[in-house]
Amino acid sequence: MTVLDHRHTAAVPGWLPGATAPRTDPAPLLPDTAPVRVLGTPAVEKADPALLRELYRRLVVGRRYNQQATTLTKQGRLAVYPASTGQEACQVAAALALGDQDWLFPSYRDTLAVVSRGVDPLEALTLLRGNAHTGYDPKASRTAPLSTPLATQAPHAVGLAHAARLAGDPVVALTMLGDGGTSEGDFHEALNFAAVLHAPVVFLVQNNGYAISVPLTQQSAAPTLAHKAVGYGMPGRLVDGNDAAAMHAVLGEAVERARQGGGPTLVEALTYRVEAHTNADDATRYRQDEEVAAWREHDPILLMERALRELGLLDEQLVQDAADEAEALAARMRAEFHADPELDPMSLFAHVYAEPTQQLREQAAQLAAELAAEAEVHH
């Protein structure tokens with residue numbers, strides 16, 4: 001049977017007259033009644049100690065990355081920075097759950113996931129400096145460009161995953177969105193196509209409570225965002241997004257399920273955006289300090305530290321090594337961003353079309369003439 005044949009072998013659906021197949025049971029697709037947790041539960045005893053220590057290291061480094069990028073924005077070295085502070089468990093787990101052959105489709109808030117995947121911070125943040133459409137080679141890193149328009153990367157992830165499946169490549173695509181992205185048509189179209197095509201895609205929704213200033217209660221009346229998966233015919237999972245071990249377990253299971261031909265999964269991670277939406281946002285206008293303080297008590301690093309101490313896995317060497325690596329990363333970011341980049345305006349026209357259109361060629365010629373005239377004046 002070919003990849004497409006599965007769409008034509010089913011009997012008449014169970015709710016139609018003369019049906020021979022039972023109606024699809026939605027129960028197996030429903031999300032967990034409570035968010036999946038590992039840290040602070042008996043399940044942590046079965047977790048791989050090496051994995052827990054690695055997650056801790058990545059969380060510490062990731063927090064310092066967020067802090068340094070935020071500082072660079074205040075210094076004018078970045079045009080804008082949407083911090084993922086408080087959401088680091090989602091970010092590092094997403095990168096760690098993927099294999100080298102897999103693809104990551106991030107949103108604009110997911111630069112930490114991109115860096116955790118191995119992309120240099122300077123390259124990962126190039127877009128947010130306003131210097132280029134993207135600062136890294138998507139093919140080399142198997143990481144799509146950061147998507148600023150909400151949810152537009154989700155159909156792209158489905159397309160790539162479906163194409164890989166047709167080619168017989170064991171590739172899984174994981175796309176990351178915020179809760180605001182689930183209100184976009186692209187999100188729903190992507191879920192529908194992924195389910196119909198049985199595409200190997202994992203949709204990770206980081207529900208941090210707000211789409212800029214709009215709370216979730218004003219976006220959706222669904223019991224959870226994970227419940228939206230059922231309407232499209234795929235399983236939904238609900239997980240504590242600040243529990244790095246739970247995040248890795250749920251995403252790892254979803255990725256493996258997709259790789260083995262099980263189709264797509266929608267994962268909703270309950271987390272919180274501790275910082276403002278971006279440096280241009282004043283979060284105090286729409287949320288209370290008490291709410292932020294409560295979530296700080298459920299911080300992903302705090303949860304991991306507590307669990308490691310109880311397991312006897314948090315030694316001074318690990319703490320020091322993680323701190324040293326974090327500071328080394330911050331120092332490198334400061335040094336690299338201190339230098340003004342050398343920009344080629346003509347690069348605007350590269351990688352837009354395989355064969356440039358007539359309009360694009362005319363625009364390129366006009367800019368080239370203007371640059372030549374400007375250079376002539378300066379000489």
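Before reading on, note that the structure itself is shown above.
My aim in this report is to walk through the structure given alongside it, one point at a time.

What counts, and where the lines are drawn
Residues numbered from 1 in each chain as written. Predicted model: local features only at pLDDT ≥ 70, side-chain atom pairs only at ≥ 80, totals over all residues. Heavy atoms only, no water. Pairing = 2+ DSSP bridges. Helix = DSSP H or I, 4+ residues; strand = E, 2+ residues; numbered from the N terminus. Axes fitted to C-alpha atoms, helices over the stretch in contact; angles between N-to-C directions. Contact = heavy atoms within 4.5 Å. Parallel < 35°, antiparallel > 145°, perpendicular 65-115°, else oblique. Left-handed = near helix turned anticlockwise from the far one by under 90°. Buried < 20%, exposed > 50% of the residue type's maximum accessible area, 1.4 Å probe, protein only. Core = buried A, V, L, I, M, F, W, Y, C linked by side-chain atoms within 4.5 Å. Phe/Tyr/Trp six-rings, centres within 6.5 Å; stacked < 30°, edge-to-face > 60°. Expected span 1.5 Å × (residues − 1). Arc of directions from axis to C-beta.

Let's talk about the sheet that holds strand β2 (residues 173–178)
Consideration 1: Within the open sheet, the five strands sit side by side as β1-β2-β3-β7-β6. Their pairing is parallel. Unpaired on one side and paired on the other, β1 (103–105) and β6 (236–240) mark the two borders of the sheet. Going across the sheet, the axis of each strand differs from the next one's by a mean of 20°, ignoring polarity.
Consideration 2: In terms of strand pairing, β1 meets β2 through three bridges, oriented parallel. Paired with Phe105 across the bridge in β2 is Thr175.
Consideration 3: Of the strands in this sheet, β1, β2 and β3 (201–207) touch helix α7 (residues 153–167), which is tilted by about 170° from β2.

Side note on the packing of α7 against helix α8 (residues 185–197)
Consideration 1: The contact between α7 and α8 brings their axes to 8 Å, and the two run at 15°. Taken together, the axis directions place α7 and α8 in an arrangement best described as roughly parallel. Like other packed secondary-structure pairs, α7 and α8 cross with a definite hand, here left-handed. Residue-level contacts link Ala154, Pro155, Val158, His162 and Arg165 of α7 to Asp186, Ala190, Phe193, Ala194 and Leu197 of α8.

Focus on the environment of Thr24
Consideration 1: Relative to the assigned elements, Thr24 resides in the segment before α1 (49–74).
Consideration 2: Taking the relative accessible area as the measure of exposure, Thr24 reaches 59% and is therefore exposed.
Consideration 3: The sequence separation of Thr24 and Arg117 amounts to 93 residues, and the corresponding C-alpha distance is 38 Å.

Re the packing of α1 against helix α2 (residues 88–97)
Consideration 1: At a closest axis distance of 9 Å, the pairing of α1 and α2 adopts a crossing angle of 125°. Between α1 and α2, the angle falls in the class oblique. Between α1 and α2 the crossing geometry is right-handed. Contacts between α1 and α2 involve Leu51, Glu54, Leu55, Arg58, Leu59, Gly62, Arg63 and Asn66 on the former and, on the latter, Glu88, Ala89, Val92 and Leu96.

Quick word on the nonpolar core
Consideration 1: Grouped together as the largest cluster of nonpolar side chains are 65 residues, with contacts concentrated most on Leu52, Leu125, Leu174, Leu204, Leu251 and Met304.
Consideration 2: Apart from residues lying up to four places away in sequence, Leu125 is in contact with Tyr65, Ala69, Leu78, Tyr81, Thr111, Met333 and Phe337.
Consideration 3: In terms of nonpolar packing, the next biggest core, distinct from the first, is built from 25 residues, Trp103, Phe105, Ala151 and Ala190 among them.

Concerning the side chain of Thr265
Consideration 1: On the secondary structure map, Thr265 appears in strand β7 (residues 265–270).
Consideration 2: Ignoring any residue separated from it by four or fewer positions in sequence, one finds Thr265 in contact with Val201, Val202, Phe203, Met234, Pro235, Arg237, Ala254 and Arg257.

Observations regarding the packing of aromatic side chains
Consideration 1: Per the counting criterion, the structure on display carries four aromatic pairs.
Consideration 2: Ring plane angle 80° and centroid distance 6.4 Å describe the contact between Tyr65 and Tyr81, whose orientation is recorded as edge-to-face. With Tyr65 in helix α1 and Tyr81 in the loop between α1 and α2, this residue pair connects regions lying 16 residues apart in the sequence.
Consideration 3: The class of Tyr81 is buried, set by a relative accessible area of 3%.
Consideration 4: Relative to Tyr286, the ring of Tyr210 lies with its centre 5.4 Å away and its plane at 55°, an arrangement referred to as tilted. Of this pair, Tyr210 sits in strand β4 (residues 210–211) while Tyr286 sits in the loop between β7 and α10 (289–296), and the two are 76 residues apart along the sequence.
Consideration 5: Judged by its relative accessible area of 10%, Tyr210 is buried.

Details of the environment of Ala276
Consideration 1: With respect to the helices and strands, Ala276 occurs in the loop between β7 and α10.
Consideration 2: Along the primary structure Ala276 and Tyr81 are separated by 195 residues, whereas in three dimensions their C-alpha atoms are 9.9 Å apart.
Consideration 3: Beyond its immediate sequence surroundings of up to four residues, Ala276 is in contact with Arg109, Asp281, Ala283 and Arg287.

Describing the environment of Glu376
Consideration 1: Inspection of the secondary structure puts Glu376 in helix α13 (residues 358–378).
Consideration 2: Among the residues examined, Glu376 registers a relative accessible area of 60% and is labelled exposed.
Consideration 3: Each C-alpha atom of the pair Glu376 and Thr357 lies 29 Å from the other, and the pair is 19 residues apart in sequence.

What to know about the pairing of β7
Consideration 1: With five of six residues buried, β7 lies mostly within the body of the structure.
Consideration 2: In this structure, β3 lies alongside β7, joined through six bridges in parallel fashion. Across the sheet, the residue bridging to Val205 is Glu268, located in β7.
Consideration 3: Pairing geometry for β6 and β7, over five bridges, is parallel.

Regarding α8
Consideration 1: Helix length check: α8 (13 residues) gives 18 Å between terminal C-alpha atoms against 18 Å at 1.5 Å per residue, within 8%.
Consideration 2: The set of residues buried in α8 consists of Phe187, Ala190, Leu191, Ala194, Ala195 and Leu197.
Consideration 3: Where α8 terminates, the next one or two residues include His198, which has phi positive at roughly 55°.

Section: α13
Consideration 1: The first and last C-alpha atoms of α13 sit 31 Å apart over 21 residues, in line with the 30 Å expected at 1.5 Å per residue.
Consideration 2: When we look at burial in α13, the residues that qualify are Leu360, Ala364 and Leu367. Take α13 and look down its axis: the buried residues cluster within an arc of 70°, on one side only. With respect to the buried face of α13, the exposed residues turned more than 90 degrees away are Gln359, Gln366, Glu376 and Val377.

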